[in-house]
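Structural description and commentary
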2 protein chains.
Amino acid sequence: MKYNIDDLPEDIANCPIYKTMELFQGKWTVWVLFELNKNGTVRFGDLRKSIPNISNTMLASTLKDLEERGLVERIQYNEIPPRVEYTATEKAKDLHIVFEAMAVWGQKHGTIGG
Amino acid sequence: MKYNIDDLPEDIANCPIYKTMELFQGKWTVWVLFELNKNGTVRFGDLRKSIPNISNTMLASTLKDLEERGLVERIQYNEIPPRVEYTATEKAKDLHIVFEAMAVWGQKHGTIGG
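I will try to describe carefully the structure that is included in this document. (Residues numbered from 1 in each chain as written. Chains lettered and ligands numbered in written order. Predicted model: local features only at pLDDT ≥ 70, side-chain atom pairs only at ≥ 80, totals over all residues. Heavy atoms only, no water.)

1. What about the overall build of chain A?
The condition is simple: Only DSSP runs of H or I covering at least 4 residues are called helices, and only runs of E covering at least 2 are called strands; the numbering of each starts at the N terminus. Burial here depends on accessible area, computed with a 1.4 Å probe over protein chains only, as a share of the maximum for the residue type. Under 20% is buried, over 50% is exposed, and the range in between is partly exposed. Any two residues whose heavy atoms approach within 4.5 Å are treated as being in contact. For every accessible area listed, the method is Shrake-Rupley and the probe measures 1.4 Å; residues are considered covered only by the protein chains on display.
Scanning chain A for helices and strands turns up six helices and three strands. Mapped in sequence order, the helices and strands of chain A form the string α-α-β-α-α-β-β-α-α. A buried classification covers 45% of the 114 residues belonging to chain A. Here the contacts in chain A between residues at least 6 apart in sequence split such that 45% fall between residues at least 24 apart. When the accessible surface of chain A is summed, it comes to about 6,000 Å², and 49% of that surface belongs to carbon and sulfur atoms.

The structure is reproduced here in structure tokens:
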């Protein structure tokens, strides 16, 4: 499916690009989504290790936000110690096309100022 | 060209997606790039009108940043009153693929929390 950029509605709030952009406003949101997409189901601690410099608090609040947006599913197992896993939903997995486009652009033009 | 997300290097700093993401960190950067891509060459005042709520200061600093990154070309005409126009470079125009992917995802999943 191709979307012609000239056909976008004038009202920015209804623009599908705007709706996608909202996802990228949080500092860590994209990285968490990217790691979840890459790994499928991940435990909190492993997710934290895979994202440099993210704090427990920031990771927890990013995951909560993504859960509320229907992008992440949180599953808690009643074990001792309790085990909590996070999985990317179909909605999150569909972001692959955005990551791929970013990868193509980044490969060609990634050098800042270049 | 397809980029396999599993092949991405472990070092996030060298990741082409990371390099593209850097573009999206500024609050207004993507909107300015989007408007420039849509319109080709734009005058400062017209650009400002097309982006709701952006201030003169924010637009000027966003354009300066994009110029330094090689994404925007600034042309000043020695007229009275002076006329300044901004054009998207080839590097900026290549972002079309990213905007298109965002539009596809936004059309399918744009409802927040949906």
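2. Some words on helix α4 (residues 56-68) of chain B
Residue and element names in this part refer to chain B. Cut-off, in case you're wondering: Multiply 1.5 Å by the residue count of a helix minus one, and that product is the helix's expected span. Throughout, the arc means that of the directions going from the helix axis to the C-beta atoms.
Taking 1.5 Å as the rise per residue, α4 with 13 residues should run 18 Å; its terminal C-alpha atoms sit 18 Å apart, in good agreement. All buried positions along α4 are accounted for by L59, T62, L63 and L66. Axial view of α4: buried residues confined to an arc of 100°, hence all on one face. Looking at α4, the residues exposed on the side facing more than 90 degrees away from the buried face are T57, K64 and E68.

3. Comments concerning the nonpolar core
What counts, and what does not: Nonpolar cores were defined as sets of buried Ala, Val, Leu, Ile, Met, Phe, Trp, Tyr and Cys residues, with membership established by side-chain atoms within 4.5 Å.
V32 of chain A together with V32 of chain B are the most contacted members of the largest nonpolar core, which totals 62 residues. For V32 of chain A, the contacting residues outside a window of four places in its chain are L47, I51, I54, L59, T62, L63 and L66 of chain A.

4. A short note on helix α6 (residues 96-109) of chain A
Helix length check: α6 of chain A, at 14 residues, gives a terminal C-alpha distance of 20 Å against a target of 20 Å (1.5 Å per residue), a fit within 8%. For α6 of chain A, the complete set of buried residues consists of V98, F99, E100, A101, M102, A103, W105, G106 and H109 of chain A.

5. A closer look at the packing of aromatic side chains
Here is the rule we go by: Any two of the Phe, Tyr and Trp rings considered here, Trp counted by its six-membered ring, make a pair once their centres fall within 6.5 Å; the pair's planes then place it as stacked at under 30 degrees, edge-to-face at over 60, or tilted in between. In our convention, an over-ring charge means Lys NZ or Arg CZ found within 6 Å of a ring centre and within 35 degrees of that ring's normal.
Here the structure, examined in full by the defined rule, presents six aromatic pairs over all chains. Judged by centre distance (5.8 Å) and plane angle (90°), the ring pair of W31 of chain B and F34 of chain B falls under edge-to-face. Taken together, the residues W31 of chain B and F34 of chain B, both in helix α2 (residues 29-39) and three residues apart, mark about one turn of the helix. Under the relative-accessibility criterion, F34 of chain B is labelled buried at 3%. Relative to Y86 of chain B, the ring of F44 of chain B lies with its centre 6.5 Å away and its plane at 55°, an arrangement referred to as tilted. One end of the pair, F44 of chain B, is in helix α3 (residues 44-50); the other, Y86 of chain B, is in strand β3 (residues 83-88), and 42 residues separate them in sequence. An aromatic cluster of three or more residues is present, and its members are W31, F34 and F99 of chain A. The ring of Y77 of chain A carries the charged tip of R83 of chain A above its face, separated from the ring centre by 4.1 Å.

6. What about the pairing of strand β2 (residues 72-77) of chain B?
Along any regular strand the residues' side chains alternate between the sheet's two faces. All names here are of chain B. Defined as follows: Only when DSSP finds a minimum of two bridges between them are two strands counted as paired.
Where β2 meets β3, six bridges bridge the pair, whose relative direction is antiparallel. The residue bridging Q76 from the neighbouring strand is V84, located in β3. Between β2 and β3, which pair antiparallel one after the other, the connecting turn spans five residues.

7. Some details on the environment of V30 of chain A
In this structure, V30 of chain A sits in helix α2 (residues 29-39). Among the residues examined, V30 of chain A registers a relative accessible area of 2% and is labelled buried. Setting aside residues up to four positions removed in sequence, V30 of chain A forms contacts with F24 and F99 of chain A together with M21 of chain B.

8. Comments concerning the sheet that holds strand β2 (residues 72-77) of chain A
Residues and elements named next belong to chain A. Formally: What counts as an axis is a line fitted to C-alpha atoms, over the stretch in contact for a helix, and the angles between N-to-C directions run from 0 to 180 degrees.
The strand order β1-β3-β2 describes an open sheet built from three strands, whose pairing is antiparallel. Because the sheet does not close on itself, it has two edges, and the strands there are β1 (41-43) and β2. Between one strand axis and the next, the sheet turns through 30° on average, direction left out of account. Two strands pair when backbone bridges link them, and β1 and strand β3 (residues 83-88) are joined in this way by three bridges, in the antiparallel orientation. Looking at the pairing, R43 lines up with E85 of β3. Seen against the sheet, α2 touches β1, β2 and β3 and runs at an angle of roughly 95° to β3.

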